[in-house]
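# Commentary on secondary and tertiary structure
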Amino acid sequence: MSKYICSLTGLFGAALVATAPAYAAPAADCDLVLQELGGGRINGYDALAGGDYIDQIRLRLRNKGDGVCNGVLRITRTASFDRLDGPESSYLDYTIVDPTNIGQVILDPISQQTQGLPVSVGAKSSIDIFPRLLVPGGQSGRQGRYFATLQAQVDLGPNQDAVDREFTVSAQVLARVQANFAGGRNATLDLGELAPNVVGSISMQIRSSADIDVEVSSENEGNLVRSANAYRIPYSMTFDSRPVDLGNGSSFNVELQNSVRGQSLPVVVTVGAFSNAPVGAYGDVVTFRISAR
């Protein structure tokens, strides 16, 4: 803080004579402004894919004063934002890492450990700093926007007030789905020797970052067909314990309990009544169209 001292001495007589000591140059001022310019916003997080997601946080330090500002920049979390908070009480882990060294963590929000970044801003000038938001891949995030509120603070030493600013970091989890039967995307359910009421089943494995819509259609409208003479044997199907209308097709809304971790949904086929069917191989093609919503 600058301090000014003035003095005036005089001899009174026929004339007034005034003298003053020589002034030392006042201490140079640091007048720092901290601005958040955006960033720290991941818009394409795929919870089913591996790999980390990173985005720069753009901070600007502007010195309006006549002296150099020297200090330490720290980023801390506010309130209870030890993770990125998302929909349905879900969350994503994150860290803030060094602008040039991804291995150097400058904020671990869970332990609240921080690593300061030394800064120096010349008179009447500004610098930009780019710490990075890092969200590890492969987390069980549901579709939606996840966010946390953080604080950037520059400590300028014991004789000046710190400068701080709050800002938000976030990640958008995309709606994604993966599905396959045991053994691959295309599978064959072998019912063995056909007879009325024979039952066969197969499991569909689904991973998704959102609830899903399933459309089921049968090429032969719910019949096992012998290609040689088109003889038909009817059958019925359930998906996730719900009956499927194979004649007209069916649509289902499915709320997955385990989401990204994966869930197994049973497909059960029951052969219907028939008699005097010609010997031969019978089959049908059933298509499942699955989309995340």
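These lines cover the structure that appears in this document, whether it is placed above or below. (Residues numbered from 1 in each chain as written. Predicted model: local features only at pLDDT ≥ 70, side-chain atom pairs only at ≥ 80, totals over all residues. Heavy atoms only, no water.)

## As for the overall build of the chain
- Within the chain, the secondary structure is distributed over 0 helices and 26 strands.
- Looking at the chain residue by residue over its 293 residues, the buried ones come to 35%.
- Within the chain, contacts between residues separated by at least 24 positions form 76% of all contacts whose residues are at least 6 apart in sequence.
- Total accessible area computed for the chain in this model is approximately 16500 Å², and 47% of it derives from carbon and sulfur atoms. (Helix = DSSP H or I, 4+ residues; strand = E, 2+ residues; numbered from the N terminus. Buried < 20%, exposed > 50% of the residue type's maximum accessible area, 1.4 Å probe, protein only. Contact = heavy atoms within 4.5 Å. Areas by Shrake-Rupley, 256 points an atom, 1.4 Å probe, with all protein chains shown as cover.)

## What to know about the nonpolar core
- Core analysis: the biggest nonpolar cluster contains 37 residues, and Leu32, Ile75, Leu84 and Ile96 have the highest contact counts within it.
- Not counting residues within four places of it along the chain, the set of residues in contact with Leu32 comprises Leu61, Arg62, Asn63, Cys69, Val121, Val154, Leu156 and Val163.
- Ranked by size, the runner-up nonpolar core spans 25 residues in total, among them Ile212, Val216, Val271 and Phe288. (Core = buried A, V, L, I, M, F, W, Y, C linked by side-chain atoms within 4.5 Å.)

## Notes on the sheet that holds strand S23 (residues 250-254)
- With respect to topology, 3 strands assemble into an open sheet ordered S23-S19-S26, the strand pairing being antiparallel. The outermost strands of the open sheet, each flanked by one partner alone, are S23 and strand S26 (286-292). Each neighbouring strand pair of the sheet contributes to a mean axis angle of 20°, computed without reference to strand direction.
- Pairing of strand S19 (residues 212-218) with S26, which is carried by 7 bridges, proceeds in the antiparallel orientation. Within S26, the position partnered with Ile212 by the bridge is Ala292. (Pairing = 2+ DSSP bridges. Axes fitted to C-alpha atoms, helices over the stretch in contact; angles between N-to-C directions.)

## Considerations on the packing of aromatic side chains
- Taken as a whole, this structure holds 6 aromatic pairs when the rule is applied.
- Ring centres 6.4 Å apart and planes at 85° place the aromatic pair Tyr231 and Tyr282 in the edge-to-face group. Here Tyr231 is found in strand S21 (residues 231-239), whereas its partner Tyr282 is found in strand S25 (residues 282-283), with 51 residues between them in sequence.
- A relative accessible area of 26% means that Tyr231 is categorised as partly exposed.
- The class of Tyr282 is buried, set by a relative accessible area of 17%.
- What links up through ring pairs into an aromatic cluster is the set Phe181, Phe239, Phe252 and Phe288. (Phe/Tyr/Trp six-rings, centres within 6.5 Å; stacked < 30°, edge-to-face > 60°.)

## Overview of the pairing of S19
- With burial as the criterion, only one face of S19 is covered, namely that bearing Ile212, Val214, Val216 and Ser218; the residues Asp213, Glu215 and Ser217 on the opposite face remain uncovered.
- Pairing analysis gives 5 bridges linking S19 to S23, with the strands arranged antiparallel. Across the sheet, the residue bridging to Val216 is Ser250, located in S23.

## Here we look at the state of the cysteines
- Counted by the stated rule, this structure contains 1 disulfide.
- Each sulfur in the disulfide pair Cys30 and Cys69 lies 1.9 Å from the other. One disulfide, between Cys30 and Cys69, carries an S-S torsion of 115° and so falls in the right-handed class. Linking Cys30 in the loop between strand S2 (17-19) and strand S3 (32-39) with Cys69 in strand S6 (residues 69-77), this pair joins segments that are 39 residues apart in sequence.
- Relative accessible area serves as the criterion here: at 14%, Cys30 is assigned to the buried category.
- Overall, Cys69 belongs to the buried group, its relative accessible area being 1%. (Disulfide = S-S within 2.5 Å.)

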